[in-house]
Amino acid sequence: MAPPGVRTRRDAWAWRFVFTALSFAFFGIGGILLRVAILPVVLHWPGPPEARRKRARRTVGRAFWLHSQFMYRTGVLTYRFEGLERLGRPGQLIVANHPSLIDVVFLLGHVPDANCVVKHSLWKNPWMRGPVTVAQYISNDGSADMLDRAAEVLRDGQTLIVFPEGTRTTPGRPPVFHRGAAAIAVRGARVVTPVFISVEPTTLTKAEPWYRIPDRRVHMHLRVGDDIDVSAYRDAPAPIASRRLNEHLHHLYAGDMQG
């Protein structure tokens, strides 16, 4: 028996270590396979540009879904997704907090035809450059045009996923959102839908390398919140409207953490 106050490794720790390592290996290998073998075929299959884009995006989404199922089926983690059926609507802006590296995989894997604003650095990543380029995700490159591009895909009827923090959430602290997501919503969203993500115990935060495996199995909970009517904020000039919407999002997520 371990002395008082000393943590013990349990819950199939060695098993989870092995399959966490395999998850990262498969993610890298899968990204390269998508880039060099699968997506070129999908992209050049006959059809109009919109159809090819949808096929490519669904292929990437399917790959992410398979990866999430690999982690789930091998016991690396468990997860629960509440309200998934309300995601993926035309012109819907999905905003989510970002507690772990893997929450992006789960969201894009379960909303497979969604667009996404992703870090500009992924265009230089050898494993992710192919998928993010072919899926026509939007680069968060800091340019003034990014907001207009994001708003345009919403007006075009696409679903768009945004992580307004721009980086992973600091454990134990409420998320701090940049105003970009709210500005995009005011410009082009038909509806804004928040997704509240919790990961317990924490894993794959900015301060945690992949090999720091928690002593107990990780559980991810993704809960879809109530829709936010964007039109209620459009009676004010755009900068004021986006600030008000951003403050509302702050209150929502701070309240969710306290609850």
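What counts, and where the lines are drawn
- Residues numbered from 1 in each chain as written.
- Predicted model: local features only at pLDDT ≥ 70, side-chain atom pairs only at ≥ 80, totals over all residues.
- Heavy atoms only, no water.
- Pairing = 2+ DSSP bridges.
- Helix = DSSP H or I, 4+ residues; strand = E, 2+ residues; numbered from the N terminus.
- Axes fitted to C-alpha atoms, helices over the stretch in contact; angles between N-to-C directions.
- Contact = heavy atoms within 4.5 Å.
- Polar contact = N/O pair within 3.5 Å; in protein donor to acceptor, adjacent residues only side chain to side chain.
- Patch = residues over 30% accessible without salt bridge, like charges linked within 9 Å, V, L, I, M, F, W, Y side chains within 5 Å.
- Areas by Shrake-Rupley, 256 points an atom, 1.4 Å probe, with all protein chains shown as cover.
- Salt bridge = Lys/Arg side-chain N within 4 Å of Asp/Glu carboxyl O.

A. Structural view of the sheet that holds strand E7 (residues 218–224). An order of E1-E7-E6-E2-E5-E3-E4 is seen for the seven strands of this open sheet, with the pairing classed as mixed. Strands with a single pairing partner mark the edges of an open sheet, and in this sheet they are strand E1 (77–82) and strand E4 (138–140). Within this sheet the neighbouring strands show an average axis-to-axis angle of 20 degrees, counted without direction. Note that strand E3 (residues 115–119) and E4 share three bridges and pair parallel. Among the inter-strand pairings, Lys119 is bridged to a residue of E4, identified as Asn140. Running at roughly 130 degrees to E1, helix H2 (residues 49–73) makes contact with E1 and E3 of the sheet.

B. Highlighting the side chain of Gln92. Relative to the helices and strands, Gln92 is located in strand E2 (residues 92–96). In this structure the side chain of Gln92 is engaged in a polar contact, spanning 3.0 Å, whose partner is the backbone oxygen of Arg86. Gln92 has contacts with Arg86, Leu87, Leu154, Gln158, Thr159, Leu160, Val191 and Thr193, leaving out every residue within four places of it along the chain.

C. Seen up close, a nonpolar patch on the surface. Judged by side-chain polarity, Val18, Leu22, Phe26, Ile29, Leu33 and Ile38 come together as a nonpolar surface patch covering roughly 490 Å² of accessible area. Checked against the element boundaries, Ile29 lands in helix H1 (residues 13–44).

D. Spotlight on the side chain of Thr205. Structurally, Thr205 is set in the loop between strand E6 (191–200) and E7. Setting aside chain neighbours within four positions, we find Thr205 in contact with Pro99, Arg168 and Pro171.

E. Quick peek at unusual backbone geometry. With omega at -5 degrees, the peptide bond leading from Glu200 into Pro201 counts as cis. For Pro201, the location among the structural elements is in the loop between E6 and E7. Unusually for a residue other than glycine, Ala12 sits at a positive phi of about 55 degrees. You will see that Gln136, though not glycine, has its phi angle at about 60 degrees, which is positive. In this structure, Gln136 sits in the loop between helix H4 (129–134) and E4.

None of the figures reported here should be taken as evidence of function without further support.
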